[in-house]
Every structure is written in C-alpha cells, then in structure tokens.
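# Close look at the chain arrangement
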Amino acid sequence: MAEDIIRREENVDVEGIGSRISDDIGRIIEHSKHAVAVYLNTEVTLTYWRIGRCIANELDAISDEKYGSKIVSTVSRQLTERFGKGYQRANLFRMLKVARVFPDEETVSTLSRQLTWSHFVELSVIPEANKRLFYQQMSILYHWSVRQLRDQEDGMAYERTLIAAKPDDEQVTTLVNSTKGELSPELILKSSYVVDFLGLANGFSESELEDAVVEQLERFIMELGQDFAFLERQKRIPIDSTDYALDLLFYHRRLHRLLAIDLKLGKFKPEYKGQMELYLKYLNRYERQPGEEEPIGLLLCSEGNTEHIELMMLDEPNIKVAQYLTVLPDKQWFIDKLNRSILIARELKQQ
C-alpha cells in the first residue's frame, strides 16, 4: 500500500499543476487590478466633476464673470491650503468646464468606466455637440489614449468622416448605436484620404497609384483607419466570359464586411457606380462568408465633385465616394469641403 502511494506521488506532474494554479491565480490578480483601476478612475472623475458642479451651482447665480473668476481664485487658495496641490485655479476651471459640458452625473459615472478624467477635459473643449460625441464614442470604441485622441482631432478625423455631412439627428442616432455594436460605415470611411506619403509625381497613372499604395501598404491602412485587413490586389471578378479586376480588396473586422476599393483618376463619373455595383454583387454571391454583412465599396477619386456624388449616391448605402489627396492641404480646405457637403445634403433633403 505504501509503495503504491509513493508511486502515485512520483507520477504527479508537479510543474504542470503548479503552472495551472499560477495561471488561475494570475487571472484573479489581473482581474482585481483592473477592477481597482476602474474604481479609482471613476472615483477620481466623479470627485472632480462634483467639485465642478458645486462651483457651477454658485457661479450660475452670479451674472458678473469678474466676480466669478475672483471666487474661483479664492476657492483655489483655500483648498490648496487645506488639501495641498491639485486645486490650482486652472484645474478648478477645468472641473467647472467639464461639469457644464457633461451636466448629468449618471452619464459621467458610466463614461468614467472607459474614459479617464483627462479624456473628459479634452472632450469638454470641443464646442460642437456632435463632434464631441463622435470623439467620445470613438475613444471608447478604439480605446484611444488622450494623446491618440488629440492626434485624431489634429488630423480632423470628424470633419473627414462621412457621418459629418449627415443631419444632426442622424449623426446622434448613428453614434449612440455604435455603443450597442451597430457600427455604421459612415463612422469608418472618410470623405477624403491624404496619401502624400506615396511620393507620386505629377501625371501618374492608375496603375502607378496602385503600385505605390501596395508598396506603402502599412501607411495606407493607417490612413484608412483601424481594423482594416488587406486581402488582395487586382481581385479577379469573372462574369460570363469577361474578366474584371478590382483594384484592392480589404476586410473590416468590426463591420464584418469586405471592402472593395477602386482607384480613379479625375472626378467621379456616373459609370463608376455601375461598375462598383457589379463588383459588390459578385463579392456578395461568391466571396461573402457566413456571419458577414454585405460588402461595401469605396471609389477613391483624385478630384472632388460633391454635387454629382450627392445626387448619384443619395439612395446608395453600400457604395461610398471619397477623394484622395497626394499633397496635404491646410485645415481650412477640409472645413470648406465639409461645409459644402453639408449644404448640398440639406438642399437635397429639403427637395
């Protein structure tokens, strides 16, 4: 009997059992650390928000901004004497700003599980509500750090996204639905792409453009956005006795869709839409996998003609048109383009 026990003990995989237990304990510790971090972030954010709300309640009753500023300075001095650093005048004004921009405590509490206080401060300085909501939702969706959020703002991510030209109510609905997993292509695809890194000289052809894109594929995907995966170049589309070639085929992990990209020189032409419709119908029938949504198409043209695009694409949810820029323009160019798109969209909606 004793010999049997000794044999069984000798056969025990001590290292294997130890590793398994260590892994289980490691998961417990990591989960606990994450829960503590979330709790602390929420408490810090709510504390700062409540301080801002307290100041706002008092200042809102005072019409003279000069007195309001003096009061904040006095509060800052008194809090610093009692609690030390962290309550400088500038910090209190940030708390006040966040509390006014995000007036609902329950909303702040919910968002603070995914956004830091620094995110709230950055978002609070964005004056337009829809633009602010866009950056808020995208920060949550893609886990942007504050630095990444600022980079996206500097790159005018909102103004370049297709959703920016949509009516306000449609923007809000689309952005709110994104938190429920209902991600729209309008949030992912842009109205213009800057491909100055391709190094193209004047007078390039479509094939030279395609060659340059493939050579700089990583940077091109970064310009497209997150979650894109490159699948194929010159995708063969055999229909009847004719072979067509789709320039670039991508897949978007969050949209669960194939993305067909056709590169064009010059302005958008109506026949491009018919060609892309053919590609998408083929991809939908022969390439679409179980669980995927219908493929979408992106026509990238070197010149913009907004009114043509708005009229042709008014009832076309699965084909988008965007302009690619081989030279980076100034920010005003993007703003003017967006304003033009909004104006045309409103006119068409009224008609």
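Right, let's walk through the structure included here. (Residues numbered from 1 in each chain as written. Predicted model: local features only at pLDDT ≥ 70, side-chain atom pairs only at ≥ 80, totals over all residues. Heavy atoms only, no water.)

This part is about the pattern of salt bridges. Side chains bearing opposite charge may pair, as long as their charged atoms lie close to each other. This model, assessed by the stated rule, comprises 17 salt bridges. Put simply, Glu105 and Arg50 hold a salt bridge, and the shortest N to O gap is 2.6 Å. Here Arg50 lies in helix H2 (residues 14-59) and Glu105 lies in helix H5 (residues 105-111), a separation of 55 residues in the sequence. Relative accessible area serves as the criterion here: at 40%, Arg50 is assigned to the partly exposed category. A single salt-bridge network, built from bridges that share partners, covers Arg53, Asp60 and Arg100. (Salt bridge = Lys/Arg side-chain N within 4 Å of Asp/Glu carboxyl O. Helix = DSSP H or I, 4+ residues; strand = E, 2+ residues; numbered from the N terminus. Buried < 20%, exposed > 50% of the residue type's maximum accessible area, 1.4 Å probe, protein only.)

What follows is about the nonpolar core. Core analysis: the largest hydrophobic core is formed by 70 residues, its most contacted members being Phe134, Tyr135, Phe220, Phe250, Ile261 and Leu300. When residues in this core are grouped by element, the largest group, 7 residues, is from helix H7 (residues 129-142). Ignoring anything within four residues of it in the chain, the contact list for Phe220 reads Val195, Phe197, Val213, Leu248, Phe250, Ile261 and Leu300. With 18 residues, the next largest nonpolar core counts Ile237, Tyr272, Tyr279 and Tyr282 among its residues. (Core = buried A, V, L, I, M, F, W, Y, C linked by side-chain atoms within 4.5 Å. Contact = heavy atoms within 4.5 Å.)

Further remarks concern the pairing of strand S6 (residues 319-325). Consecutive residues of a regular strand have side chains that alternate between opposite faces of the sheet. Where burial is concerned, most of S6 is hidden: 7 out of the 7 residues are buried. Across the two faces of S6 the burial is the same, with Ile319, Val321, Gln323 and Leu325 and Lys320, Ala322 and Tyr324 all buried. Where strand S1 (residues 192-194) meets S6, 3 bridges bridge the pair, whose relative direction is parallel. Bridge pairing in S6 places Val194 opposite Leu325. Sheet topology note: the strand S5 (residues 296-301)/S6 ladder contains 5 bridges and is parallel. (Pairing = 2+ DSSP bridges.)

A few words on the packing of H7 against helix H10 (residues 168-178). At a minimum axis separation of 10 Å, H7 and H10 run at an interaxial angle of 15 degrees. Here H10 runs roughly parallel to H7, going by the angle between their axes. Here H7 runs over H10; the crossing is left-handed. Contact residues: H7 offers Asn130, Leu133, Phe134 and Gln137, while H10 offers Asp168, Gln171, Val172, Leu175, Val176 and Ser178. Residues that form the contact of H7 with H10 fall into these classes: 5 nonpolar, 4 polar and 1 charged. (Axes fitted to C-alpha atoms, helices over the stretch in contact; angles between N-to-C directions. Parallel < 35°, antiparallel > 145°, perpendicular 65-115°, else oblique. Left-handed = near helix turned anticlockwise from the far one by under 90°. Nonpolar A, V, L, I, M, F, W, Y, C, P; charged D, E, K, R; others polar.)

For helix H8 (residues 146-154), every residue scored as buried is listed here: Val146, Leu149 and Glu153. The buried residues of H8 occupy one face: seen down the axis, they fall within an arc of 60 degrees. Exposed residues on H8 whose side chains face more than 90 degrees from its buried face are Arg147 and Asp154. Buried residues in H8 make contact with helix H6 (117-124) and H7. Two residues or fewer after H8 comes Met156, characterised by a positive phi angle close to 55 degrees. (Arc of directions from axis to C-beta.)

The next subject is H10. Buried within H10 are the following residues: Gln171, Thr174, Leu175 and Ser178. Buried residues of H10, viewed axially, fall in a sector of 95 degrees; they line one side. Its buried side turned inward, H10 meets H7, helix H9 (157-160) and helix H11 (185-188).

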